[in-house]
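Remarks on the overall topology
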Amino acid sequence: MTEGRDRTKDIWGARTPYDPGTPWPARADAHLAPGVAEDDVERWVPSASLLHSNGDAMDIAVRDGRIVGVRGRTEDRVNRGRLGPKDLYGWQANGSPDRLTRPLVRRDGHLEECDWDTAMDQVAGRSRELLEQRGPGAIGFYTTGQLFLEEYYTLAVLARAGIGTNHLDGNTRLCTATAAEALKESFGCDGQPGSYEDIDHADVIALFGHNMAETQTVLWTRVLDRLAGARPPRLVCVDPRYTLVAQQAEVHLAPRPGTNVALLDALLHEIIRRDLIDQEYIETHTVGFDDLAAAVAPCTPRWAAGICDVTPAAIERAAELLGTAERLTSTVLQGVYQSHQATAAAVQVNNLHLIRGMLGRPGCGLLQMNGQPSAQNTRECGADGDLPGFRNWQNDDHVADLARVWNVRPQDIPHHAPPTHAMQIFRYAEQGSIRMLWITGTNPAVSLPELSRIRSILAQERLFVVVQDLFLTETAQLADVVLPAATWGEKTGVLTNADRTVHLSEKAVEPPGEARADLDIFLDYAARMDFRDKDGGPLISWHDPESAFAAWQRCSAGRPCDYTGLSHDRLRRADSGIQWPCTEEAPDGTARLYTDGITFADPDTCESYGKDLVTGASTEVVEYRSLNPDGKAVLRAAEYLPPHEDTSPEYPVQLITGRTVHHFHTRTKTGRAPELNAAAPDVWAEMSPTEAAHQGLSDGDLVQVGTPRGAVRARLRTTAMRDGVVFVPFHYGYWDTPEGHRPPEGSAGRAANEGTITDWDPVSKQPLFKTCAARVTLVARRATPPVRERTDADADAGSRS
Amino acid sequence: MNGIAHTLRALHDGERALERDLRATAERHRTDHEVHHVASDLARWSRRHSALLAETGRHYGLDLDGPKDDPSPGALAALREKAADALGRRPGAGLLLLQDLCDLHLAASRNSLHWEMLAQAAQVTRDERLLDLAGDCHPRTLRQMRWTNTLIEELSPQLLTSA
């Protein structure tokens, strides 16, 4: 039990060592409100974490109609009872006194309370007006990675077939778009090949730009337990910061930000040069090897060393470990996804596994990670830049099939171009062609790059902004209509984690005031808009989470993410989460994809024909058919390009922003959990002691981190990382400051994105938060030596991911 | 000047022009961020092509300039960027972008046709040097064309129907 221990400091809890190939032992974590004993709990309601993508299964403790705590589910395959600090304390945000309880509409420049009819009439009224006057392209939707599957699916149907707009994306664009795109590039389809259980079997684990110790604490606990057992795995870590992962690693490569492709090309070069490849696997299951080998032939460790500022010997040593592993598990996250040449780099990790034949077997895990808890559902349901069920917008048969499922005409589903990505949606709004933007469960006024630009877009008179959320976020403060939403524990639905594990999260308590489940809000809107199918029946015929899930099952049938073997009831009866595909043939789910070769890349099945890794240009079907007629995995080479913004005498360091252990998603919830807030109440900046001295700064100084676009003011912490880099955690915004949604007039802010560059990966369209030039200047010397209690994670607090 | 030399010169001039146009487009559409960044990256390809063409040209009695000395933005660029910021909020900027993408596409297509001609002539004369050059450069020209084509495909539905 966790009670009595401060898990904001004791982040990973006690060790339960285990040996390779044996099950991860259980450990029961729990946290109850002060004064509540286990006997006082009236009901335990099954759920899973909504505060990161690990998908920790837990039960919600209920007493007197309120959530009073949580406990991990020891029988679950994902966490075996463990919970991380955010899981243990984050639930308190549900009961926060500043929850939105009534809808708000803007009158005379101010948001005022109103009833649901008034608010929804405004939303539906403006929608109809715009549809009539300007067409469906005037309406855009920007959603999240924190709703439930049923809600994403309903949103996808009403946006794509109801409104008929191509402008629907999720903030998963910021956290996981590259994971999806990289998988599509290599395997023709999204969906994680591996399983978290691969950690139990691996002899080498490579973490590429993934500070798992902070971003997925429970998965890192699993790694720590392996490290404490017999025959521990050896770790390879790629991160410019000396994170806890780096401290545990046998090889730590700290490349210059923006150079991942050069590093990975050199690793592939070495592995091919030393003939550490699986020739038979390559021949049987892949196309493109000769091109890849030719492309990396000049990419020697010495060449990469000059670009990445890593020694050739370290690259050779890493290649040795990766090349001789018997069971290699790799994970990739934001250090790759939010950096320059994101997809190109992530694809090279896929290539590593393909040329070594490290797929489809226990321990041969390839985990292109997610940042948000239900990011996977956003992708599956088509509430991001994809069509539902991993259908290919370029394939007319797929569109026709979707039209059959929805009983609409194919031409009623926009598929003339790929669904518009978030950054382009904001660009269209900036230009004035999008006139209504409905934002659900996300906070772009803090999370997108170059915040003054985003604020000015949202504040435009001509743009009608609807925000659906739990709190009056920075974004909500700029809205025309604010809809109070229910959240985790207050509604029922399904969420799927990064390794395809589906959990049911049940309603435990009533939402506050008049707040409503997102599903109910969407259904209300659909009813007011009177969306019809081609026979005049209602387009959306479902009415609750269970019937919405059933509708999704029909849509997923026969597609890679097949949910037909699942139901709310089946999930309710199961001891543990179940991995899709789950069908009649695989009633217990599927641990690993591609156990029997590559199966989804067939030209008739694949979700995407791929894109040029430099330009992002789409490949056409004819080209894909000739490249890959038999639907094998595609080895795609990528050339290194220098970052778009580099250091200069004026801006001499590189700014990287990142996620940290105590907070999540601009602190909307975690900042309202007392323990988590207290553990990291304000923004800080990190530099190496050498770099700080070089800039004339020292630990505890108040500094300004400025870029050509904006500035952040923060206390400096010196910590082990590469020189020439400054790190700022990304979570902080303004809702808990007097200004509410922006920096103080004429002054620097506290949101890391004030200064980040508006630039995105041309392939995945994921914004770059790890590559821009900055200068760090002194604002005020520290008055007294800094006094702060260090936590376990503090040595590396913050991360690339 | 024989046909091959003529084609080399045409290509050299074409790649120089494309580099210049890609940079100008990047500056003019700075508020269309993907266009700005990718156009700058692709300008580098054309720059490399004109350098390789100048080098190859020597073997065919040509004295070609190669890429311009300084690709860094000058005074005109600053002006263009300023205009881009000012126009960034106007729907008209979208139409201008489509026009620029069309022009880039046509310029790259012209280069592609010249690469094709050069490669064909190289085949028939069994000129390995030219074959290698075309084999090295032509795929990048095709990628430049696919890029403009993809952008036009993606952007025109919105930009042409919303003005």
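Residues numbered from 1 in each chain as written. Chains lettered and ligands numbered in written order. Predicted model: local features only at pLDDT ≥ 70, side-chain atom pairs only at ≥ 80, totals over all residues. Heavy atoms only, no water.

**A few points about the overall build of chain A**
- Assigned secondary structure in chain A consists of 27 helices and 27 strands.
- Here the C-alpha radius of gyration of chain A, 25 Å, is about what a compact globule of 801 residues would show, namely 28 Å.
- Along the first, second and third principal axes, the C-alpha atoms of chain A reach 70 × 65 × 60 Å.
- Every one of the 801 residues in chain A was classed for burial, and the buried ones make up 69%.
- Contacts spanning at least 24 positions in sequence make up 75% of the contacts within chain A whose residues lie at least 6 apart.
- Here chain A has roughly 23800 Å² of accessible surface; of this, 47% comes from carbon and sulfur atoms.
- One way to put it: in chain A the 82 positive side-chain charges average out to a point 3 Å from where the 111 negative ones average out. (Helix = DSSP H or I, 4+ residues; strand = E, 2+ residues; numbered from the N terminus. Rg over C-alpha atoms; globule rule 2.2 N^0.38 Å. Buried < 20%, exposed > 50% of the residue type's maximum accessible area, 1.4 Å probe, protein only. Contact = heavy atoms within 4.5 Å. Areas by Shrake-Rupley, 256 points an atom, 1.4 Å probe, with all protein chains shown as cover. Lys, Arg positive; Asp, Glu negative; His and termini not counted. Charge placed at Lys NZ, Arg CZ, Asp CG, Glu CD.)

**Here we look at the overall build of chain B**
- When its secondary structure is counted, chain B shows five helices and zero strands.
- Overall, chain B shows an N-to-C arrangement of helices and strands of α-α-α-α-α.
- Evaluated residue by residue, chain B yields a buried proportion of 50% over its 163 residues.
- For chain B, the proportion of contacts with a sequence separation of at least 24, taken over those separated by at least 6, is 79%.
- Carbon and sulfur atoms provide 53% of the accessible area of chain B, an area that totals close to 7900 Å².
- Across chain B, the mean location of the 21 positive side-chain charges is 3 Å away from that of the 24 negative side-chain charges.

**Topic: the interface of chain A and chain B**
- Between chain A and chain B, the contact holds 39 residues from the first and 27 residues from the second.
- Carbon and sulfur atoms make up 45% of the area that chain A and chain B hide from each other, which totals about 2800 Å².
- When the buried surface of chain A facing chain B is broken down by residue, Arg-427, Gln-431 and Thr-615 of chain A rank first, second and third, together holding 20% of it.
- At the junction of chain A with chain B, the criterion picks out five salt bridges.
- Across the pair Arg-143 of chain B and Glu-639 of chain A runs a salt bridge whose closest N-O atoms are separated by 3.5 Å.
- Here chain A is connected to chain B by 13 residue pairs in polar contact (both at pLDDT 80 or more).
- Secondary structure elements with two or more residues in the side of chain A that touches chain B: α19 (422-431) and α21 (451-458) of chain A.
- Broken down by element, the residue count for the side of chain A that touches chain B peaks at five residues, all from α19 of chain A. (Buried area = accessible area lost by both parts, 1.4 Å probe. Salt bridge = Lys/Arg side-chain N within 4 Å of Asp/Glu carboxyl O. Polar contact = N/O pair within 3.5 Å; in protein donor to acceptor, adjacent residues only side chain to side chain.)

**Here's the deal with the pairing of strand β3 (residues 57-63) of chain A**
All names here are of chain A.
- Of all seven residues in β3, six are buried; the element is thus mostly enclosed.
- Bridging between strand β2 (residues 43-48) and β3 involves six bridges; their strand directions are antiparallel. Counterpart to Arg-43 in the pairing with β3 is Val-62.
- Here β3 hands over to strand β4 (residues 66-72) after two residues, with Asp-64 in that stretch at a positive phi of 50 degrees. (Pairing = 2+ DSSP bridges.)

**Observations regarding the sheet that holds strand β18 (residues 493-496) of chain A**
- The antiparallel open sheet is built from three strands, whose spatial order is β18-β19-β20 (chain A). A strand with exactly one partner marks an edge of an open sheet, and here the two such strands are β18 and β20 (578-579) of chain A.

**Focus on the packing of helix α10 (residues 260-273) of chain A against helix α16 (residues 342-355) of chain A**
All names here are of chain A.
- Packing of α10 against α16 leaves a shortest axis separation of 9 Å and a crossing angle of 15 degrees. In terms of axis orientation, α10 runs roughly parallel to α16. Both α10 and α16 take part in a crossing whose hand is left-handed. Of the residues in α16, those in contact with Asn-260, Val-261, Leu-264, Asp-265, Leu-268, Ile-271 and Ile-272 of α10 are Ala-344, Ala-345, Gln-348, Val-349, Asn-351, Leu-352 and Ile-355.
- In terms of residue class, the contact of α10 with α16 is built from ten nonpolar, three polar and one charged. (Axes fitted to C-alpha atoms, helices over the stretch in contact; angles between N-to-C directions. Parallel < 35°, antiparallel > 145°, perpendicular 65-115°, else oblique. Left-handed = near helix turned anticlockwise from the far one by under 90°. Nonpolar A, V, L, I, M, F, W, Y, C, P; charged D, E, K, R; others polar.)

**Some words on the pattern of salt bridges**
All names here are of chain A.
- As enumerated under the stated definition, the model contains 72 salt bridges over all chains in all.
- Between Asp-29 and Arg-7 there is a salt bridge, with the nearest N and O atoms lying 3.1 Å from each other. Here Arg-7 lies in the segment before β1 (30-32) and Asp-29 lies in the segment before β1, a separation of 22 residues in the sequence. Across this residue pair, the class does not change: Asp-29 and Arg-7 are buried.
- Taken together, the shared-partner salt bridges connect Glu-38, Asp-59, Arg-71, Arg-73 and Glu-75 into one network.

**Observations regarding the packing of α19 of chain A against helix α5 (residues 128-161) of chain B**
- Put simply, α19 of chain A and α5 of chain B touch, their axes get as near as 12 Å, and they point 30 degrees apart. For the element pair α19 of chain A / α5 of chain B, the angle class is roughly parallel. The way α19 of chain A lies across α5 of chain B gives a crossing that is right-handed. Packed against α19 of chain A, whose contacting residues are Gln-424, Tyr-428 and Gln-431 of chain A, the element α5 of chain B presents Glu-154, Leu-155, Gln-158 and Leu-159 of chain B at the interface.

**A short note on the sheet that holds strand β6 (residues 110-113) of chain A**
All names here are of chain A.
- Reading across the sheet, the seven strands line up as β6-β5-β17-β16-β15-β7-β8 and stay open at both edges, with mixed pairing between neighbours. The open sheet is flanked by β6 and β8 (168-170), the only strands paired with a single partner. Within this sheet the neighbouring strands show an average axis-to-axis angle of 20 degrees, counted without direction.
- In terms of strand pairing, strand β16 (residues 464-469) meets strand β17 (residues 481-484) through four bridges, oriented parallel. Residue pairing for β17: Val-466 is matched across the bridge by Val-481.
- Together, β7 (139-143), β8 and β15 (436-440) form the strand contacts of helix α3 (residues 149-163), whose direction differs from that of β7 by roughly 165 degrees.
- Against the sheet, helix α22 (residues 518-529) makes contact with β15, β16 and β17, and its axis sits at roughly 155 degrees relative to β15, the strand it touches most.

**Observations regarding the environment of Tyr-525 of chain A**
All names here are of chain A.
- Relative to the helices and strands, Tyr-525 resides in helix α22.
- Given a relative accessible area of 0%, Tyr-525 falls into the buried group.
- Measuring from C-alpha to C-alpha, the distance between Tyr-525 and Leu-158 comes to 8.9 Å, with 367 residues separating the pair along the chain.
- Setting aside its immediate chain neighbours within four residues, Tyr-525 contacts Met-120, Val-123, Ala-124, Ser-127, Leu-158, Ile-163, Met-436, Trp-438 and Phe-531.

**A closer look at the packing of aromatic side chains**
- Using the criterion set out here, one finds 14 aromatic pairs over all chains in the structure.
- Among the aromatic residues, those joined into a cluster by ring pairs are Phe-141, Trp-438, Phe-522, Tyr-525 and Phe-531 of chain A. (Phe/Tyr/Trp six-rings, centres within 6.5 Å; stacked < 30°, edge-to-face > 60°.)

**Here we look at α5 of chain B**
Residues and elements named next belong to chain B.
- Taking 1.5 Å of rise per residue, 34 residues should cover 50 Å, and α5 covers 49 Å from first to last C-alpha, within 8% of that figure.
- The largest bend in α5 is about 45 degrees, located at Leu-155, with the proline Pro-157 one to four residues further on.
- Sitting at the amino-terminal end of α5 is Asp-127, which places a side-chain oxygen 3.1 Å from the backbone nitrogen of Arg-129. (Expected span 1.5 Å × (residues − 1). Bend = angle between axes of the 7 residues up to and from the residue.)

**A few points about α19 of chain A**
- A large share of α19 of chain A lies buried, amounting to ten of its ten residues.
- Residues of α19 of chain A that are buried: Ala-422, Met-423, Gln-424, Ile-425, Phe-426, Arg-427, Tyr-428, Ala-429, Glu-430 and Gln-431 of chain A.

**What to know about the confidence of the model for chain A**
- Of all residues in chain A, 97% attain a pLDDT of 70 or more, and the chain-wide mean is 96.
- Segment residues 794-801 of chain A: pLDDT under 50, and 54 contacts once partners within four positions in sequence are set aside and those in other chains are kept. (pLDDT = per-residue confidence, 0-100.)

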